[in-house]
Amino acid sequence: MRKGDCFLNINDNVVILAGGQGKRMKTDKPKVLLNVLGEPMLEWVIRACEDAGLSQMCIVKGYKAEKIDEYLGGRYQTVLQSERLGTGHAVMQAIPFLEEKRGGNTLILCGDAPFIDKDTISGALALHKEKGCAVTVVTSVIDDPTGYGRVVRNDNGISGIVEHKDCTPQQLEIREINSGCYWFDTAALLSVLGEITPNNAQGEYYLTDCVELLLKKGLRADAFVSQNPNVSLGANDRAGLLRLNDIARMEIINRHLDNGVEFDCLDGVIIGRDVEIGGAAYIKSGCRLLGKTKVGSDSVIGPNTVLINTSVGESVTLNNVYATDSVVENGAEIGPWVQLRPNSHVKAHAKIGDFVEIKNSTIGERTAVAHLTYVGDSDVGNNVNFGCGCVTVNFDGENKFRTKIGDNAFIGCNTNLVSPVSIGDCAYTAAGSTITGDVPAGALAIERGHTVIKDGYAFKKLAKRNEKFAKLEKEQKESKK
Amino acid sequence: MRKGDCFLNINDNVVILAGGQGKRMKTDKPKVLLNVLGEPMLEWVIRACEDAGLSQMCIVKGYKAEKIDEYLGGRYQTVLQSERLGTGHAVMQAIPFLEEKRGGNTLILCGDAPFIDKDTISGALALHKEKGCAVTVVTSVIDDPTGYGRVVRNDNGISGIVEHKDCTPQQLEIREINSGCYWFDTAALLSVLGEITPNNAQGEYYLTDCVELLLKKGLRADAFVSQNPNVSLGANDRAGLLRLNDIARMEIINRHLDNGVEFDCLDGVIIGRDVEIGGAAYIKSGCRLLGKTKVGSDSVIGPNTVLINTSVGESVTLNNVYATDSVVENGAEIGPWVQLRPNSHVKAHAKIGDFVEIKNSTIGERTAVAHLTYVGDSDVGNNVNFGCGCVTVNFDGENKFRTKIGDNAFIGCNTNLVSPVSIGDCAYTAAGSTITGDVPAGALAIERGHTVIKDGYAFKKLAKRNEKFAKLEKEQKESKK
Amino acid sequence: MRKGDCFLNINDNVVILAGGQGKRMKTDKPKVLLNVLGEPMLEWVIRACEDAGLSQMCIVKGYKAEKIDEYLGGRYQTVLQSERLGTGHAVMQAIPFLEEKRGGNTLILCGDAPFIDKDTISGALALHKEKGCAVTVVTSVIDDPTGYGRVVRNDNGISGIVEHKDCTPQQLEIREINSGCYWFDTAALLSVLGEITPNNAQGEYYLTDCVELLLKKGLRADAFVSQNPNVSLGANDRAGLLRLNDIARMEIINRHLDNGVEFDCLDGVIIGRDVEIGGAAYIKSGCRLLGKTKVGSDSVIGPNTVLINTSVGESVTLNNVYATDSVVENGAEIGPWVQLRPNSHVKAHAKIGDFVEIKNSTIGERTAVAHLTYVGDSDVGNNVNFGCGCVTVNFDGENKFRTKIGDNAFIGCNTNLVSPVSIGDCAYTAAGSTITGDVPAGALAIERGHTVIKDGYAFKKLAKRNEKFAKLEKEQKESKK
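All values derive from a computational prediction rather than experimental measurement. (Residues numbered from 1 in each chain as written. Chains lettered and ligands numbered in written order. Predicted model: local features only at pLDDT ≥ 70, side-chain atom pairs only at ≥ 80, totals over all residues. Heavy atoms only, no water.)

## Some remarks on the overall build of chain A
For step 1, the next point in the chain: Counting secondary structure elements, chain A contains 11 helices and 40 strands.
For step 2, the next point in the chain: In terms of overall size, chain A is more extended than a compact globule, its C-alpha atoms giving a radius of gyration of 32 Å where 481 residues would be expected to give roughly 23 Å.
For step 3, the next point in the chain: Its C-alpha atoms give chain A principal-axis dimensions of roughly 105 × 60 × 45 Å.
For step 4, the next point in the chain: Residues classed as buried in chain A amount to 60% of the 481 residues present.
For step 5, the next point in the chain: Across chain A, the fraction of contacts at a sequence separation of at least 24, relative to all contacts at a separation of at least 6, is 42%.
For step 6, the next point in the chain: As presented, chain A carries roughly 18,500 Å² of accessible surface, and 49% of it is formed by carbon and sulfur atoms.
For step 7, the next point in the chain: For chain A, the distance from the average site of its 54 positive side-chain charges to the average site of its 60 negative ones is 7 Å. (Helix = DSSP H or I, 4+ residues; strand = E, 2+ residues; numbered from the N terminus. Rg over C-alpha atoms; globule rule 2.2 N^0.38 Å. Buried < 20%, exposed > 50% of the residue type's maximum accessible area, 1.4 Å probe, protein only. Contact = heavy atoms within 4.5 Å. Areas by Shrake-Rupley, 256 points an atom, 1.4 Å probe, with all protein chains shown as cover. Lys, Arg positive; Asp, Glu negative; His and termini not counted. Charge placed at Lys NZ, Arg CZ, Asp CG, Glu CD.)

Following this line, the structure appears as structure tokens:
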């Protein structure tokens, strides 16, 4: 039994309506696969269910159904709504799934309302079970309910959901609205699902009709007021989707502010919902922290640092770093302009300077990789110093090999280390050398050609260039500045 | 005859008032040359005229007149207003230009009100011609008209323009204001231009006096209400100019949102008005897309990518790229931190990694330039692999030469290709080689010096360094972390 | 005597209350050391005092007191408030300091209200002295005074400060509030400081009680209304601190807009309060200009440029530059992606291209360092051309040496200059050379190994790779794009 599923029995389940196109989004993706903070809206909805302990899910796909399956990768069951004939029709497609779960309760969610949350789901179910309801509608109380379906309460739960256009003047005063999310007793839902009809202006099967039918059967319907102001929020166009991103973005940033994270300017800052940041870390503008990223206390991140599934220790400096699936230990200083490609592990107090790429390598403690260097597929010891322009030559056109560098080694500038190769502890390679064989501990390796000095050659070769500069110099002096 | 000029006759023309200094801008440029989204305000005004089909333009220059001429580069006629004595005085400088266009109509525009638009220009001219007006004033209806000249309508067009301070209480209620933009019958304008006087507090010649004089002559004046809320918007200081930038910026971004372009955070995003973006492209924060840039569908651009006059295909990834006058084909992946200098052509599915500069070169399909490499003045085939640190040595101090690399070639790390040089198909250069002559197809070229290993040398040479690290290591272990 | 201290006598002094923890900030720093635009709030307060000419300061430290001392580095006297028992108790800790300054006046400031300003300090002191007050309270007049202590005026200054909860209905109407900042006659303050008691709900010693005691003794108290709307603004949590940053940030940017600096998008722009920018400079988004940075007229800075204590001339271009403690002269063009580490001096019209690091070096006029190069500890002449991939090898593992390059020299691509080394005027180094000895003026230096061409070797070596590409090519053609 997982956290949050105290109210759940084994047959409680979810049907997520995910068939819509989102025509005004102008994309060939299903609407529910459009992203909020880098994750499909459907994933937000699935996660809320998972957080509430629900594991039996059926996703009703429709537009570009194959992309839903591709995205889910078999994680949950899907059913196809081949024509889109309304919310009731969508749920009908899930009847075989529901038949198997007759003993439970069924949550119906819209896959394009990403901010549904665990507390709403669990709270509504608790009410649903406590009151023995056939259906429990999740509702919101809002300031301006114009256009929304009103929830009409009576002494025994609710007496119905009335569309705005059908409201009496008294009902128009009601500010509690239907969020489009419901808990049904599964058997009860099945008992009426076949009875709803498309006898309405749009010719669609409405799920709200099920509520009415259950009430007519004398069963109890109730309403649960969600405290989440965004519970039913969705988007019909790209501007609306941008607003969902803004809402999610600021909610997450505010949570980190509460935890003591320092920000001096939020411009361009995007933090994924699974990111963990230690108190007193300082996140500068333009940072994108995504996936399962962690940042330790007192670290200074940014500006313009992108971290994807990267674990950063305490008191680390990351200035204009782009890191994926990597680990950076305490006190490391990295940047500006460094890429850590997957499986890079930078150990404590290492220093990595400008224009460096690390890939699938370990960089030892206090090791320095100061500039213009590529370290790939390498195991680098502690206290190593890389000169500028070093390259681990890890690819021979067909295979990749590893490079091993011992503690305290000194790799001269513009050295090529042709892997597989091993540089011993405290070994030294001279600048400009291409090292193709192992270097013993404490040895110097030097590869050097003939050096020739041709006196006067350059005076002659660059004669025109020198003339040009002399002329330019004169012109610049004559011009105002 | 161009699009939009259906109402135009050959003598219809424009006079753009561009003499102002913009003193509070604190620059030595004419005010009309200050930029909105990277283009001078004057250019916005000229473009609106061109879009409306007008090609006869006279620009009245004044402050720093030579900079106007330099900017225009002879595209349109200019006249000098050597003293700035009001809008009427400015138009007087254009009398010789107007005399030649007597048979037409003259549009008077302020060069520092950049948001005038084609529809306003054409709509106002249509009314002007339909009603046989001597003058048609372009107006706006605004909520708070305080301070603006009110347009007083009567049964026969308008009876005048009344300055705020001269309004009757009834006139103060009028919310239709003069935008400062007018269509005149050219002959009628010429007939009264000599009659206006500077007999007013400021001692200036006001163009609005022409309207009054024409009405006095019994000629018809009318007003055209522009639907453009920003039609007369200008700026008197840098904060105002920043607001103009904001307005233009958001208007363009909103247009792309409507077209289905995905944005998750608009911070630092600036898109020029001529940029075309395919639906379902995703533009991240910090991107500047300028000039004649195009981006294809499903491409992911940014963060912090600058594209100037660059054409990008579909499903391209550009991460922290700075590109000018270049072409990137479908499926290419570029970045982070790559510069494409002018005349770079990156073909389909090529991959360009970190710290790479491409200049005036073609990169073939599926070719990989992974890191720390410069490819300049080169023709690179398909499936080529560049190791790290490669350089095309294209400049000998006086001349630039080209490098040619055949399909499937493999360029080893830190190779120098000294141009002019040709590397054959499937050829291979060994790491650290400087290649000064052509390499035949399928050959290996290797330039290597003597390698010497001096055992124990480094232990001795780096003795002090090793001691330092041993001490440092001890200290760090003793300190808390 | 310094600017602004016309009203000061030698014993006028300041006590800054800096003992607070700022619990909701969730950091182990004292609250006053939290940053606004990169400087501790305490520094803002100290600076306002210094600007007003005050040099006698006593800082009352409490929470994490050692960090205050560490930060101040002995600049000003500190005293420890070992328990935090209210503002009055904090001032009591400074009694020994105050005893020495008996003849003067004492300013009491909150160390966590960073926007106190020189004009408020000096203006309040002028009133204090002119009226012969025992105490002068600095006040603000605000729209909604709910919750604040009201300042009750009478014919003879003020009659007291009344806490919100103790106000009569009439007093609740008062909109003049206590800012928590006071000028006391030092002797008068000392005379009552011992008399205040913690007989209140919180059990704290309140400094406001001193005002009441002085009034009871028949001494005069008055109030000075600060024109600074943010005079007493502080922050209790990270969100509040972010607001202080925003306020400071926009105030500084607005000042630069007034001075004629061009901005087209403020996103990510942070400018420190000591930065000077010439009119008509253009600052793009994402720039952080900090410390004692100066930028000359007509320079174009950004996007994403960070300047720390760096002096930039006129008509300079800095595109994605990260510079610290450096100088860039007129007309230089730098970027994108260049780091200038401390003590770099780039002379007029030099051009520095992508992926270049300069450190502790002089780059001469019109010298070009186009790409992927590191110049450290070097003196480079005028008109020098660096090829791509050059490295000054300035560190041998134990010592750093300098490199000297004469005017008009041409450094070939991927050259290593092993310092100490001197390249003469107009000398030339061939691509791929490692230069370990001096090169005379006008000479060519070339270090080169044996070059061997092995025909057919690569065809064989890369056979599998070629097969892979052939297959890939075929697949891509068969797939849709």
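## Focus on the domain arrangement of chain A
All names here are of chain A.
For step 1, the next point in the chain: Taken domain by domain, chain A consists of domain 1 (13–225) and domain 2 (259–445).
For step 2, the next point in the chain: The straight-line distance from the C-alpha centre of domain 1 to that of domain 2 is 48 Å.
For step 3, the next point in the chain: In this complex, domain 1 contributes five residues to the contact, which on the side of domain 2 involves four residues.
For step 4, the next point in the chain: The contact between domain 1 and domain 2 buries some 460 Å² in all, and 44% of this surface belongs to carbon and sulfur atoms.
For step 5, the next point in the chain: When the buried surface of domain 1 facing domain 2 is broken down by residue, Leu-37, Trp-44 and Arg-47 rank first, second and third, together holding 88% of it.
For step 6, the next point in the chain: On inspection of domain 1 and its partner domain 2, the count reaches two salt bridges.
For step 7, the next point in the chain: With its nearest N and O atoms 2.8 Å apart, the salt bridge here joins Arg-273 to Glu-39.
For step 8, the next point in the chain: On inspection of domain 1 and its partner domain 2, the count reaches two residue pairs in polar contact (both at pLDDT 80 or more).
For step 9, the next point in the chain: Counted by class, the side of domain 1 that touches domain 2 contains two nonpolar, no polar and three charged residues. (Domains from an automatic or database assignment. Buried area = accessible area lost by both parts, 1.4 Å probe. Salt bridge = Lys/Arg side-chain N within 4 Å of Asp/Glu carboxyl O. Polar contact = N/O pair within 3.5 Å; in protein donor to acceptor, adjacent residues only side chain to side chain. Nonpolar A, V, L, I, M, F, W, Y, C, P; charged D, E, K, R; others polar.)

## Observations regarding the interface of chain C and chain A
As a measure of interface size, the accessible area lost when the parts come together is often cited.
For step 1, the next point in the chain: Counting residues at the interface gives 74 residues for chain C and 58 residues for chain A.
For step 2, the next point in the chain: In total, about 5,200 Å² of surface goes out of reach between chain C and chain A, with carbon and sulfur atoms giving 55% of it.
For step 3, the next point in the chain: Our count for the contact surface shared by chain C and chain A stands at four salt bridges.
For step 4, the next point in the chain: Two residues, Arg-288 of chain C and Asp-264 of chain A, come together in a salt bridge whose shortest N-O distance is 3.0 Å.
For step 5, the next point in the chain: The leading source of residues in the side of chain C that touches chain A is helix α9 (residues 238–258) of chain C, at six residues.
For step 6, the next point in the chain: Of the residues assigned to the side of chain C that touches chain A, the class counts are 33 nonpolar, 24 polar and 17 charged.

## Observations concerning empty space enclosed by the protein
For step 1, the next point in the chain: For the coordinates displayed, the defined rule picks out nine cavities of 30 Å³ or more.
For step 2, the next point in the chain: Considering the residues around the largest cavity, the lining is formed by 21 residues, among which Gly-432 of chain A, Gly-432, Thr-434 and Glu-447 of chain B together with Gly-432 of chain C are closest to the centre.
For step 3, the next point in the chain: Elements with a minimum of two residues in the lining of the largest cavity: β39 (444–448) of chain A, β39 (444–448) of chain B together with β39 (444–448) of chain C.
For step 4, the next point in the chain: Across the lining of the largest cavity, the residue classes break down as no nonpolar, 15 polar and six charged.
For step 5, the next point in the chain: Taken together, 20 residues line the second largest cavity, and the ones lying closest to its centre are Gly-286 and Asn-304 of chain A, Gly-286 and Asn-304 of chain B together with Asn-304 of chain C. (1 Å grid on protein atoms, 1.4 Å probe; cavity = no way out; pocket = protein on both sides within 12 Å on 5 of 7 lines; lining within 4 Å. Points joined across faces, edges and corners; volume = space filled by probe spheres on them.)

## Focus on helix α9 (residues 238–258) of chain A
For step 1, the next point in the chain: In this model, α9 of chain A (21 residues) spans 30 Å end to end at C-alpha, consistent with the 30 Å of a helix rising 1.5 Å per residue.
For step 2, the next point in the chain: Among all positions of α9 of chain A, only Arg-238, Gly-240, Leu-241, Leu-242, Leu-244, Asn-245, Ala-248, Arg-249, Ile-252, Ile-253, His-256 and Leu-257 of chain A are buried. (Expected span 1.5 Å × (residues − 1).)

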